[in-house]
Amino acid sequence: MSNTISEINGVQLYNSFVAGAQKIFENQALLNNINFYPVPDADTGTNLASTMYSIVNTVKAEENIQATALALADAALMGARGNSGIIFAQFLYGFSKDIKEQQTMNIKEFATYMSVASECAYYALAKPKEGTMISVIKDWANDLVESCETTDDFTTLLLNALNVAMESLKETGKFIAAKAKTIVDAGAKGFVVFLEGMCEYFHSGEKTVQVANAEIIDSEWLGEDNHEDITFRYCTEALMIGEDLDKNKLTSLIETMGDCLVIAGSPRKMRLHIHTDYPWEVLEKVQTIGRVVYQKVEDMVMQNDLVSNRKSKIGILSDSACDIPKEMLEKYQIQTIPLTVSFGDEFYLDQLTIKPKQFVEKLEKSAEMPRSSQPSLMDFTNRYNYLTTHYDSIVSVHLNGKFSGMINSSRKAATAVSKTTGKKIDVVDSHNATGALGLCVLRTAEAAIGGMEHDELVAKSIEWSEKVKLFVSCVNTKYLINSGRLSTFRAMMLKLFKIKPLFTLDSEGELQLGTFSFRTKDNFKKILGLIKENYEHKKIWNYCIMHVDNPEAAQYLSEVVEKLTGRKPLYIEDACTMLAGKVGPKAVAVAIMEE
């Protein structure tokens, strides 16, 4: 038993939090498995572990307890993930915000600050619900306030309050009994697990704490065979910075756009979490309050389908540049990872927090040209780790490597994850973009569902990427010049004579100026001629039409190509932001693949 501890400094506070984090890392699989509220997405342990990971890898302990508390709160806010992680981050913000400049903290001060922290945790939720994490936090904090009058030892104080928290945890089962699959709330259990680690640190008398395992585990969704429990489709998160962020104003802007709304942080930095059907509208509103520096969107319906109705043993991954309609992504259970598009300081996740129409509006109004960037190595690593929990192997078919360095990040992540999981992950450079990439991905997914084995699927995917052609008819040469796809001299000539260029992708995936016309409809005739020239004696597998805010022209082109091929397009779709930013508004394209 340790000696009496009447006050603690910043180093002790930090070590107690690391001990709590260690307990979360050890129990995250358990927490995932009992997660059925607010939706059964099996991620509470992962979310809390991610939050703790940020703490133990970011904060450096200082003797000054105020400095350490502020650092803990900031690190938690930066790394917070999911409903439970953001509530915990708000709890730490509440604990730290009123601490005075001091080296140590006594028992009464600790209890008082934790009471404030409990109130702040409630404040984070738009609609607080009893029988969850916040209930246990409140009961624990209330006991600290009562017990600090009768003890002068931190270890005794925390052990007594832990017993109260455990009793409070048992009560949470009454509020989620309808699920009949778990005894207690997962977030509340996570908080108690964290408290156990804190108590063990003070009770052991250890001076330092080493984290033995900080691995983040993505577990499988444990939902039912239907979507009745998923009221809103997308789990959406954002981190904002500003000078005078107003939680009430932010809440009023987005609270009617979904449920499970949690907002944590200070007037200078806020983290939000919401389940919504319209993440692109949420981000549009949020951008009016402050600058978004991080955002994440997860499709909970797709996640559920992978568990309840998986159609293939091989997972198919692509990127948002594939321009496949959402209903077809769902039908073939194709996973996509978004590119990032930015206008100055504003950035968005392609197809998730910005839609094509929004993009075109910004493109026409913005003084700055948009910039696209690839998903990070960590984004790919996280996605592959997740998919390997569901599939025997993965085939990833991506945007032309000459347009983006994404293919290299995907391959590096695939190699690393394959090594740790023992599962095959192959990455294919399609040498294509937009609908041409989409046809390659769809054909690969169709073959996977049909039972084709992994190695043959990879070989076929490469073969199919060589059988597809893309033709792009442009209207405005301004965007071609700015994107570097057309020389200034050539562009000036085209602009001077009001010529409409027609581009193709060559066998290496390079965008080439094929021909041009004075009218868009003449370009369409030339597209027909090129299709006839390339496919007259070949059987066509399918084709699709893409457009940049020009559905009328897309429909006309569709009808023209249908007369030639005798079949309707597989789909007509808005072009991805990557293509739209390079070829400009009103552009129309057709992608066609031979059998």
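Residues numbered from 1 in each chain as written. Predicted model: local features only at pLDDT ≥ 70, side-chain atom pairs only at ≥ 80, totals over all residues. Heavy atoms only, no water.

Describing the side chain of T381
With respect to the secondary-structure elements, T381 resides in helix α14 (residues 377–388). Classification of T381 by relative accessible area gives buried; the value is 19%. Beyond its immediate stretch of four places on either side in the chain, T381 contacts A413 and V417. (Helix = DSSP H or I, 4+ residues; strand = E, 2+ residues; numbered from the N terminus. Buried < 20%, exposed > 50% of the residue type's maximum accessible area, 1.4 Å probe, protein only. Contact = heavy atoms within 4.5 Å.)

A word on the packing of helix α1 (residues 10–33) against helix α2 (residues 44–58)
Running from N to C, α1 and α2 cross one another at 155 degrees; their axes reach a closest spacing of 8 Å. Looking at the two axes, α1 sits roughly antiparallel to α2. Handedness of the α1/α2 crossing: left-handed. Contact residues: Y14, V18, A21, I24, F25, Q28, L31 and N32 in α1; T44, G45, T46, L48, A49, M52, Y53 and V56 in α2. Its residues assigned to classes, the contact of α1 with α2 shows eleven nonpolar, five polar and no charged. (Axes fitted to C-alpha atoms, helices over the stretch in contact; angles between N-to-C directions. Parallel < 35°, antiparallel > 145°, perpendicular 65-115°, else oblique. Left-handed = near helix turned anticlockwise from the far one by under 90°. Nonpolar A, V, L, I, M, F, W, Y, C, P; charged D, E, K, R; others polar.)

Re the environment of G20
Checked against the element boundaries, G20 lands in helix α1. Given a relative accessible area of 0%, G20 falls into the buried group. Residues G20 and F194, spaced 174 residues apart in sequence, show a C-alpha to C-alpha distance of 4.1 Å. Setting aside its immediate chain neighbours within four residues, G20 contacts F194, G197 and M198.

Overview of the pattern of salt bridges
If charged atoms from side chains of opposite charge come close, those side chains can pair. This structure, assessed with the given rule, holds 20 salt bridges. When the shortest N-O distance is used, the salt bridge between E200 and K23 registers 3.1 Å. Residue E200 is found in helix α8 (residues 186–204), and its partner K23 is found in helix α1; the two are separated by 177 residues along the sequence. On the accessibility criterion, E200 (43% relative accessible area) is partly exposed. For K23, a relative accessible area of 18% puts it in the buried group. As a salt-bridge pair, K170 and E167 come within 3.2 Å of each other at their nearest N and O atoms. Residue K170 and its partner E167 are both found in helix α7 (residues 154–172); the two are separated by three residues, about one turn of the helix. For K170, a relative accessible area of 53% translates into the label exposed. Through salt bridges with shared partners, one network takes in E237, R271, K296 and E298. (Salt bridge = Lys/Arg side-chain N within 4 Å of Asp/Glu carboxyl O.)

Some remarks on the sheet that holds strand β13 (residues 425–429)
Note on sheets: strands pair through backbone hydrogen bonds, and any given pair is parallel or antiparallel. Strand order in the open sheet made by the four strands is β8-β7-β12-β13, with parallel pairing throughout. Where the open sheet ends on each side, the last strands, each with one partner, are β8 (335–337) and β13. Each strand of the sheet is rotated relative to its neighbour by a mean of 25 degrees, with strand direction disregarded. One ladder, built from five bridges, connects strand β12 (residues 393–398) with β13; its direction is parallel. Paired with H398 across the two strands is D429, which belongs to β13. Relative to the sheet, helix α15 (residues 406–421) contacts β7 (314–319), β12 and β13, its axis offset from that of β13 by approximately 170 degrees. (Pairing = 2+ DSSP bridges.)

Structural notes on the packing of aromatic side chains
Under the defined criterion, the tally for this structure stands at 15 aromatic pairs. Consider the rings of F95 and Y113, whose centres lie 6.4 Å apart with planes at 85 degrees: the pair is edge-to-face. Of this pair, F95 sits in helix α4 (residues 82–96) while Y113 sits in helix α5 (residues 107–124), placing them 18 residues apart in sequence. Relative accessible area serves as the criterion here: at 1%, F95 is assigned to the buried category. (Phe/Tyr/Trp six-rings, centres within 6.5 Å; stacked < 30°, edge-to-face > 60°.)

Some points on the sheet that holds strand β10 (residues 346–349)
Pairing within the open sheet is antiparallel, and its three strands lie in the order β10-β9-β11. For this open sheet the edge positions go to β10 and β11 (371–373), each flanked by a neighbour on one side alone. Each strand axis lies, on average, 25 degrees off the axis of its neighbour in the sheet, ignoring direction. As paired strands, strand β9 (residues 340–343) and β11 are joined by three bridges and run antiparallel to one another. Across the sheet, the residue bridging to T340 is S373, located in β11. Contacts between helix α13 (residues 356–365) and the sheet are confined to β9 and β10, with β9 contributing the most and set at about 30 degrees to the helix.

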